[in-house]
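If you want the building blocks of each chain, they are given just below.
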Amino acid sequence: MSLAKMEQIRLVGHEADRERLLALLQDLGVVQISDLTQRLPQATQGAFAPKPVRDDHIESTLAELRYALDFIARYDREKKGFIQGFFNLKDAITPEELIQLARSYDYRTLCERVRRLDRELLELRSERTQLEARRAELLPWANLKLPLQALHKSARTALLLGRIPNGLLSAFEQALQKRFGDLIVIERVFADDQLTYHYAVLPKESEEEWTKIASEYSWERVSFQSLPADAAGTVQEWLAKTDQRLQQIAARQAELEHHAREIVKEKRKLQALYDYFYNEHVKLQSQAMLVGSANTFVLGGWVRAADYEKLERAIRQTGAAVWLERVSPDENERPPVALENRKLFQPAEFLIKLFGLPNRSELDPTPFVLPFFAIFFGIALTDAGYGLVLMIAFWVLKRRYRHKLGFQLFANLMILGGLSAVIAGAVTGGWFGPELAQSFTALRTFMLFDISTPSGLIAFLLFAFALGFVQVLLGNLLEFYDKARQGRFWEALWSEGTWIVFMVGVGVVAGVGVPAMMPKELNAPGLPVAWMDVGVYLALLGTFLVLFFGRVESPQNLMKQIPWLLLSFGLTFWILKPVDWPLGESLSALGALGVIASGEGRRALGRIGAGAFKLYGATGLLGDVLSYSRIMALGVSTGLIAASMNKLSLMMWDLPWVGPVLCVVFIVLLQTFSILINSLSAFVHAARLHYVEFFTKFYEAGGEPFKPFARASVYYEVREQR
């Protein structure tokens, strides 16, 4: 449960070997390169300077490939499966395949073809939008028999096109008739539910007065903006031309989209090429962090101590003129953090990385997270059938994506969680719901908690509380150990140690007392009654210890702390009277005299006040433990949901002919949905209990992750062997 030891290194080599060395480091993937350009001393800037980065137009190539892939995505009908997309699972490819593809594949011609296709499609879409707008504008005037040339003003008359709300049309025509009489001609062309379209012919000198009257009735003048200014012919002719051109555009678009779908076949090659050039881009970024002179380069970075010899051996085998050495980090430098656990515990690293890596001065909590997460996940799922499905599914996925190390760890975590769910389901009677255990006696032989009964529910709930209490207590023990490991033993003893005594006492009292308060018919499990006295002594002693040691200014000064210890034990024995003679009174008196003699009496009130505030944290302890009831509630709800799914499916059985088939189909679909939703809920809440209830007791996080310079990928997992 320790973090990987890091070594800071420096590489000095001949400029001719720079690119070869970077390629080697990228293949090894063990060195995190530091940016030396930000740390270049002022005094050495004349001799050393940032190394120039060659420009191979890689960024522009990546942009072209990205453009082509985005274009292909619009016509690609192949979709990732749910699991593959959710976990970002990638196929494997070797570096040799990438290099061969980059040398032989004419991607530039394909990218240019994509550009032309996209450009023409964009132009066609733009033209189609304009034509559709023209068609919508002209359609109400399709019955207009007048030629468009008549819209131009003549010497004596004006032809006006307009539209008016239907409700105002009658009043508008009456107003015009009253004012102009027979001097104007109004002809309706088209009407819909809201507007009437018409044209009017009137003397030119009356146009201004017409416009004034028309504005009072919300009349709106129409002019064909989409047509050329010198447009001739009728509206019907222009509509015919527009429809003909729209058909031509649709045919050409279909032809171009067919070509686009043919290009989709090149997607995998383009994706592989993108990964190849992306790796080259990463290499160039690393080159930008080097410094050196005209003939030399200097590279700095971090490597795991366990990988140093591997790095040294690989460099030596190249025969390059390179010097590798360890260097001491500056005082303000913090090494990156890498988790280093045995293979058994590595699956839980996924959870640690989600929350945040530990800083260099604290413990790696991974070994303690794995067993609790698996247990909590299993209890929250509480169905052996669901657990078996998870184990089989992730075992298959492990074999399919064996090249993806990160997913392997997550798959192992879920397989372990599935195994825990099998056990939890077996002891509670959950096998794709409670019905199977109720029907088959063999499945009930493993049951410890019959959650269909009140006694079983109470026992299951108390078991969840007990697990929560143990984990919270473990969090405080880890904080004690962590401080002691850092040389702060006495601080840990007075702070965490006293609280641990209090927690153990309260836990024993609760373990004996809570089940005893339950009705006898519930048969609630608990600790032996004989433990009650021990629990009471520890709980009361812990109360006084927390009260008197809530704030200790000089934890290492034992002479100042012994009187407070005597006072704590004395008050405990005084209240509980373990013996007939006045042991408690004597120890209390000695403690009080010692406090006064040591000069602590003047600060006693503040110290006790701080302790009382810390003791108030017992309410938080209660809340933390009660929070673990969620895993029990989730386990029960899983059984209820599964039972509901089964009942819904069985309702199909009596349907004629297709009933049994529909029943099976519905059971598979609904139970699959139930597995997904309940597994996700179990994962989230099991993780939440660690992040909120457990980590807050001892874990700070904040470590900077170790990011070695290695092959990177977007679409494929680059591996030496497939």
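**Observations concerning the overall build of the protein chain**
- Looking only at helices and strands, the protein chain has 25 helices and 14 strands in total.
- Against the globule reference of 27 Å for 722 residues, the protein chain gives a C-alpha radius of gyration of 40 Å, more extended than a compact globule.
- Out of the 722 residues in the protein chain, the part that is buried amounts to 45%.
- About 38,200 Å² of surface is accessible on the protein chain, with carbon and sulfur atoms providing 60% of the total.
- Mean positive and mean negative side-chain charge positions of the protein chain (77 and 75 charges, respectively) differ by 2 Å.

**Side note on the nonpolar core**
- Ranked by internal contacts, the top residues of the largest apolar core, which has 69 residues, are Phe373, Phe377 and Phe394.
- The element best represented in this core is helix 17 (residues 454-485), accounting for eleven residues.
- Sequence-distant contacts of Phe377, defined by excluding residues within four places in its chain, comprise Leu390, Met414, Gly417, Gly418, Ser679, Ala682, Phe683 and Ala686.
- Counting 36 residues, the second-largest nonpolar core is a separate cluster that includes Leu98, Val114, Tyr715 and Val718.

**Side note on helix 24 (residues 629-650)**
- Over its 22 residues, helix 24 runs 32 Å from end to end, which matches the ideal 32 Å to within 8%, given 1.5 Å per residue.
- For helix 24, the set of buried residues is Ile631, Met632, Leu634, Gly635, Val636, Thr638, Gly639, Ala642, Ala643, Met645, Asn646 and Ser649.
- Elements that come into contact with the buried residues of helix 24 comprise helix 12 (366-381), helix 13 (384-400), helix 15 (435-439), helix 17 and helix 25 (659-694).

**Looking at the sheet that holds strand 8 (residues 195-203)**
- Overall, antiparallel pairing links the four strands, which are arranged 7-8-6-9 in an open sheet. Because the sheet does not close on itself, it has two edges, and the strands there are strand 7 (185-191) and strand 9 (220-221).
- Pairing of strand 7 with strand 8, which is carried by six bridges, proceeds in the antiparallel orientation. Counterpart to Arg188 in the pairing with strand 8 is His198.
- Against the sheet, helix 6 (residues 166-180) engages strand 6 (157-165), strand 7 and strand 8, with an angle of about 145° to strand 6.
- Here helix 7 (residues 207-215) sits on the sheet in contact with strand 6, strand 7, strand 8 and strand 9, set at roughly 155° to strand 8.

**Here's the deal with the packing of helix 19 (residues 532-548) against helix 22 (residues 604-615)**
- Put simply, helix 19 and helix 22 touch, their axes get as near as 6 Å, and they point 125° apart. Between helix 19 and helix 22, the interaxial angle falls into the category oblique. In this structure, helix 19 uses Thr543, Val546, Leu547 and Phe548 to contact helix 22, whose residues at the interface are Arg607, Ile608, Gly611, Ala612, Lys614 and Leu615.

**Here's the deal with helix 17**
- Its 32 residues place the ends of helix 17 46 Å apart at the C-alpha level, agreeing with the 46 Å of an ideal helix rising 1.5 Å per residue.
- Of the residues one or two after helix 17, Gly487 is the one with positive phi, at around 85°.

**What to know about the pattern of salt bridges**
- A complete count under the given rule lists 27 salt bridges for this structure.
- Notably, a salt bridge pairs Glu220 with Arg163, separated by 3.3 Å at the nearest N-O pair. On the criterion of sequence distance, the pair formed by Glu220 in strand 9 and Arg163 in strand 6 is long-range, its members being 57 residues apart.
- Exposure remark for Glu220: the relative accessible area of 42% places this residue in the partly exposed category.

**With respect to the packing of helix 18 (residues 489-517) against helix 19**
- As a packed pair, helix 18 and helix 19 sit with axes 7 Å apart at the nearest point and diverge in direction by 145°. Where helix 18 crosses over helix 19, the handedness of that crossing is left-handed. Residues Thr498, Trp499, Val501, Phe502, Val504, Gly505, Val506, Val508, Val509, Val512 and Gly513 of helix 18 lie in contact with helix 19, whose contacting residues are Met532, Gly535, Val536, Leu538, Ala539, Gly542, Thr543, Leu545 and Val546.
- Taken together, the residues that form the contact of helix 18 with helix 19 break down as 14 nonpolar, six polar and no charged.

**Points about the side chain of Asn678**
- Residue placement: Asn678 occurs in helix 25.
- Note on Asn678: relative accessible area 6%, which makes it buried.
- In this view, Asn678 contacts Leu381, Tyr386, Thr638 and Ile641; residues no more than four positions away in its chain are not counted.

**A few points about unusual backbone geometry**
- Of note in this structure, Ser218 is not a glycine but carries a positive phi near 60°.
- Although it is not a glycine, Thr382 sits at a positive phi angle of roughly 50°.
- Topologically, Thr382 is positioned in the loop between helix 12 and helix 13.

**A few points about the pairing of strand 2 (residues 6-14)**
- Strand direction decides the pairing type here: strand 2 and strand 11 (residues 296-304), joined by nine bridges, are antiparallel. Counterpart to Met6 in the pairing with strand 11 is Arg304.

**Some details on the side chain of Thr196**
- Mapped onto the fold, Thr196 is located in strand 8.
- Taking relative accessible area as the criterion, Thr196 reaches 4% and is therefore assigned buried.
- Here Asn166 takes part through its side chain, which lies 2.6 Å from a polar atom of the side chain of Thr196.
- With near-sequence residues (within four places) excluded, Thr196 lies in contact with Gly162, Arg163, Ile164, Asn166, Leu169, Arg188, Phe190 and Ala191.

What counts and what doesn't
- Residues numbered from 1 in each chain as written.
- Predicted model: local features only at pLDDT ≥ 70, side-chain atom pairs only at ≥ 80, totals over all residues.
- Heavy atoms only, no water.
- Helix = DSSP H or I, 4+ residues; strand = E, 2+ residues; numbered from the N terminus.
- Rg over C-alpha atoms; globule rule 2.2 N^0.38 Å.
- Buried < 20%, exposed > 50% of the residue type's maximum accessible area, 1.4 Å probe, protein only.
- Areas by Shrake-Rupley, 256 points an atom, 1.4 Å probe, with all protein chains shown as cover.
- Lys, Arg positive; Asp, Glu negative; His and termini not counted.
- Charge placed at Lys NZ, Arg CZ, Asp CG, Glu CD.
- Core = buried A, V, L, I, M, F, W, Y, C linked by side-chain atoms within 4.5 Å.
- Contact = heavy atoms within 4.5 Å.
- Expected span 1.5 Å × (residues − 1).
- Pairing = 2+ DSSP bridges.
- Axes fitted to C-alpha atoms, helices over the stretch in contact; angles between N-to-C directions.
- Parallel < 35°, antiparallel > 145°, perpendicular 65-115°, else oblique.
- Salt bridge = Lys/Arg side-chain N within 4 Å of Asp/Glu carboxyl O.
- Left-handed = near helix turned anticlockwise from the far one by under 90°.
- Nonpolar A, V, L, I, M, F, W, Y, C, P; charged D, E, K, R; others polar.
- Polar contact = N/O pair within 3.5 Å; in protein donor to acceptor, adjacent residues only side chain to side chain.

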